[in-house]
Structures are given as C-alpha cells and as structure tokens.
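So the chains spell out like this:
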Amino acid sequence: MKSLLFACLLLLVAASCSTRYLIGTGYDVVILNGPAVHKKQMESVHQTDAFIHDITSLNLITDSLLGPKVPCYKFYNYQFDVYVEKKGIYQRKQGGRKVWKRLKTP
C-alpha cells in the first residue's frame, strides 16, 4: 500500500514538472469602469487595443506603452482604470491546454 501511494506521488510530481514550451505572447487586460469589471485575455496587440477602445473610447497604443523590463502598464483617469500585462502562452504538447504565465524578464 505504501509503495502504491509512493508511486502515485512520484507520478504526480513527474507529470507536473514536465516542460512547457513558449508558443506565443498574449495580453491580460483588466478595465474597471465604476463597479463594472471587464477582464479578457487576448493573443494580439490589435485585439487588445480594440477591446480597450470599445469599452473606454480611449486610443491607447499598447506596444508603445509596454516597458522592456516590466511588461505591463496602468492607465487611470477619473472614470476608468486600465491595466494591461504582457504574458507568455505556454503549452506542454501540440493541441494541449494553454497556460498564461508571466514572462521571464532578463
């Protein structure tokens, strides 16, 4: 019984430690508009800019606002809070589940 439990635990650890491959980058967008919260994950900068424009009518250019060391920005005024963070999209195998994680900065 102990050996079966140990084998299951070892299998669980080995499965969780397998490598994930970076397949692309995406953007986490959170917009606070009073009590309303709009949160979405998008895979392109054009989708991100369009989503921000649809909700806030602001023309923010995400590429020019993201920094090289800290890949995120926050914009706020009296009506809106906009937070955008660039994330890495990782996958273990082709066609598998996508996992969004913070990018490793140099």
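So, here is what we can say about the structure in this document.

1. As for the overall build of the protein chain
The helix and strand inventory of the protein chain stands at 3 helices and 5 strands. Ordered by position from N to C terminus, the α and β elements of the protein chain give α-β-β-α-α-β-β-β. Only carbon and sulfur atoms are counted for the fraction: they give 61% of the accessible area of the protein chain, which is about 7,800 Å².

2. Some remarks on unusual backbone geometry
Backbone geometry at Ser57 places phi at a positive 60°, although glycine is not the residue there. Note that Ser57 resides in the loop between helix H2 (45-56) and helix H3 (62-65). The class for Ser57 is exposed, based on a relative accessible area of 56%.

3. Here's the deal with a positive patch on the surface
A cluster of basic residues, Arg92, Arg97, Lys101 and Lys104, forms a positive patch on the protein surface. Using a relative accessible area of 33% as the deciding quantity, one classes Arg92 as partly exposed.

4. Digging into the pattern of salt bridges
One side chain can pair with another of opposite charge once the charged atoms of both are near each other. All told, the structure shown has 3 salt bridges when counted by the stated rule. Measuring nitrogen to oxygen at the nearest pair gives 3.3 Å for the salt bridge that ties Lys87 to Asp28. Placement of Lys87 in strand S4 (residues 80-91) and of Asp28 in strand S1 (residues 21-33) is noted, with a sequence separation of 59 residues between them. By the burial criterion, Lys87 is buried, and Asp28 matches it. Glu43 is the partner of Lys98 in a salt bridge, and the nearest nitrogen-oxygen pair spans 3.3 Å. Remark: Glu43 occurs in the loop between strand S2 (36-42) and H2 and Lys98 occurs in strand S5 (residues 98-102); sequence separation between them is 55 residues. For Lys98, a relative accessible area of 39% corresponds to the partly exposed category.

5. Focus on the nonpolar core
Nonpolar side chains tend toward joint burial in soluble globular proteins. The biggest cluster of nonpolar side chains holds 12 residues, and these are Tyr27, Val29, Ile31, Met42, Val45, Phe51, Ile52, Leu60, Leu66, Tyr73, Val82 and Val84. Breaking this core down by element, the ones donating at least two residues are S1, H2 and S4. Among all residues touching Tyr73, those that are not within four sequence positions of it are Ile52, Leu60, Thr62, Leu65, Leu66, Val82, Tyr83 and Val84.

Criteria and cut-off values
Residues numbered from 1 in each chain as written. Predicted model: local features only at pLDDT ≥ 70, side-chain atom pairs only at ≥ 80, totals over all residues. Heavy atoms only, no water. Helix = DSSP H or I, 4+ residues; strand = E, 2+ residues; numbered from the N terminus. Areas by Shrake-Rupley, 256 points an atom, 1.4 Å probe, with all protein chains shown as cover. Buried < 20%, exposed > 50% of the residue type's maximum accessible area, 1.4 Å probe, protein only. Patch = residues over 30% accessible without salt bridge, like charges linked within 9 Å, V, L, I, M, F, W, Y side chains within 5 Å. Salt bridge = Lys/Arg side-chain N within 4 Å of Asp/Glu carboxyl O. Lys, Arg positive; Asp, Glu negative; His and termini not counted. Charge placed at Lys NZ, Arg CZ, Asp CG, Glu CD. Core = buried A, V, L, I, M, F, W, Y, C linked by side-chain atoms within 4.5 Å. Contact = heavy atoms within 4.5 Å.

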